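Listed here are the chains, written in short residue letters.
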Amino acid sequence: MWAYDFMLNALFAGLMAATVCALVSVFVILRRTGFAAHALGHMSLTGAAGAALLGMPMMLGQLLFNVIAAMVMGFMGDKVRKNDLAVGVVLTFVLGLGAYFLFLFQNNYAGSVMSILFGNIFAVSHSQLWQMLGLSALVIAVLIVISRPLIFSSIDPVVAAAKNLSLRLLSVVFFAILAITVTMACQVVGVLLVFVLLIIPGAVGMQWGESMKGVIAISVIIANLAVVAALYLSYQFNLPASFCITMLLCLVYFLGAIYHWIAKKIRF
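Residues numbered from 1 in each chain as written. Predicted model: local features only at pLDDT ≥ 70, side-chain atom pairs only at ≥ 80, totals over all residues. Heavy atoms only, no water.

**Q** Is there a simple way to explain the packing of helix H2 (residues 34–54) against helix H9 (residues 167–186) in this structure?
**A** Two quantities define a packed helix pair, namely the angle between the helix axes and the distance between the axes. At their nearest, the axes of H2 and H9 sit 9 Å apart, and the two run at 50° to each other. Relative to H9, H2 is oriented oblique. Note that H2 runs across H9; the crossing there is right-handed. Of H9, the residues touching H2 (which contributes Ala36, Ala37, Leu40, Gly41 and Ser44) are Phe175, Leu178, Ala179, Val182 and Cys186. Residue composition of the contact of H2 with H9, by class: eight nonpolar, two polar and no charged. (Axes fitted to C-alpha atoms, helices over the stretch in contact; angles between N-to-C directions. Helix = DSSP H or I, 4+ residues; strand = E, 2+ residues; numbered from the N terminus. Parallel < 35°, antiparallel > 145°, perpendicular 65-115°, else oblique. Left-handed = near helix turned anticlockwise from the far one by under 90°. Contact = heavy atoms within 4.5 Å. Nonpolar A, V, L, I, M, F, W, Y, C, P; charged D, E, K, R; others polar.)

Laid out in structure tokens, this is it:
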């Protein structure tokens, strides 16, 4: 099945999205910004619809819209974690705007924009692959540079502030990274399921990792294995790839949770 170009494109796109999402998911969990990540995923629909309205590439519209929203969240800093209501209100407004954009183009672009909701990894083009490669390289490079202060500020922001670390700057940079990651992941699993790639790999890493490096390594390995297995299952059994990715990752997490629950009962 790997002899087909569309399968290779899907594989490369899936591996890139899985790797970047797995890295970012660890920090999403550490910083407790899951709802903000979920909101950015849904905002992608409005960005894609707005881009279609202006005749722009949908991926570019998603990226621009997500980055702007992420900058606002980043400047809010710790308030994002403490005030989900504000994020929810903004999300509601943005989704309403996206629905209006879809209404304007219901006869032309609605079908292609609606595909953003569920993703279509088999429709990734060569040009999109290059775009995803550039975005992946950017995210990984920035994470390498800021990883240590980001981990420090995520685990103990009070001490980090006392050490004169710029928490607001780190927050803005992190949310910008999150916005880019969400844009990439939407091409693979869609808006409705992007939350899976941004939460489950990191959660599995937290289950089994004994150090920060171990957590990140497990997160990346699990996400990539899930994508490869999902593509195989999707091709062999004619199933949606996004569904397979979601079910495999959730299965791994639930099995880990059950194992740790049993182990805890045995110890006591």
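Here the narrative resumes, following the displayed structure.
**Q** Is there a simple way to explain a nonpolar patch on the surface in this structure?
**A** A contiguous nonpolar surface patch, about 660 Å² in accessible area, is contributed by Leu251, Leu255, Ile258, Trp261, Ile262 and Ile266. You can see tryptophan 261 is positioned in helix H12 (residues 241–267). (Patch = residues over 30% accessible without salt bridge, like charges linked within 9 Å, V, L, I, M, F, W, Y side chains within 5 Å. Areas by Shrake-Rupley, 256 points an atom, 1.4 Å probe, with all protein chains shown as cover. Salt bridge = Lys/Arg side-chain N within 4 Å of Asp/Glu carboxyl O.)

**Q** Explanation requested: the packing of aromatic side chains in the structure shown.
**A** The description of an aromatic ring pair rests on the distance of the ring centres and on the angle between the ring planes. Within the structure shown, the criterion is met by six aromatic pairs. Where tyrosine 4 meets phenylalanine 6, the ring centres are 5.7 Å apart and the plane angle is 35°; that geometry is what we call tilted. You can call tyrosine 4 partly exposed: its relative accessible area is 45%. Given the relative accessible area of 35%, phenylalanine 6 is considered partly exposed. What links up through ring pairs into an aromatic cluster is the set Tyr4, Phe6, Phe122 and Tyr235. Just above the ring of phenylalanine 174 sits the side chain of arginine 31; from NZ or CZ to the centre is 5.2 Å. (Phe/Tyr/Trp six-rings, centres within 6.5 Å; stacked < 30°, edge-to-face > 60°. Buried < 20%, exposed > 50% of the residue type's maximum accessible area, 1.4 Å probe, protein only. Lys NZ or Arg CZ within 6 Å of the ring centre and 35° of its normal.)

**Q** What should I look at first to understand helix H11 (residues 212–237) in this one?
**A** It helps to recall that an α-helix has 3.6 residues per turn; residues three or four apart then point in one direction. A rise of 1.5 Å per residue sets the reference length of H11, with its 26 residues, at 38 Å; its end C-alpha atoms lie 37 Å apart and thus fit the reference within 8%. When we look at burial in H11, the residues that qualify are Gly214, Val215, Ser219, Val220, Ile222, Ala223, Asn224, Ala226, Val227, Ala230, Leu231 and Ser234. Looking at the buried residues of H11, the elements they touch are helix H1 (5–30), helix H10 (194–208) and H12. Looking at the residues trailing H11, positive phi occurs at asparagine 238, about 55°. (Expected span 1.5 Å × (residues − 1).)

**Q** Would you take a moment to explain the packing of helix H7 (residues 126–155) against H9 for this structure?
**A** At their nearest, the axes of H7 and H9 sit 10 Å apart, and the two run at 150° to each other. When you trace H7 past H9, the crossing you get is left-handed. Each of Met132, Leu135, Ser136, Leu138, Val139, Val142, Leu143, Ile146, Pro149, Leu150 and Ser153 in H7 lies in contact with H9, whose residues at this interface are Leu167, Leu170, Val173, Phe174, Ile177, Ile180, Thr181 and Met184. Its residues placed into classes, the contact of H7 with H9 shows 16 nonpolar, three polar and no charged.

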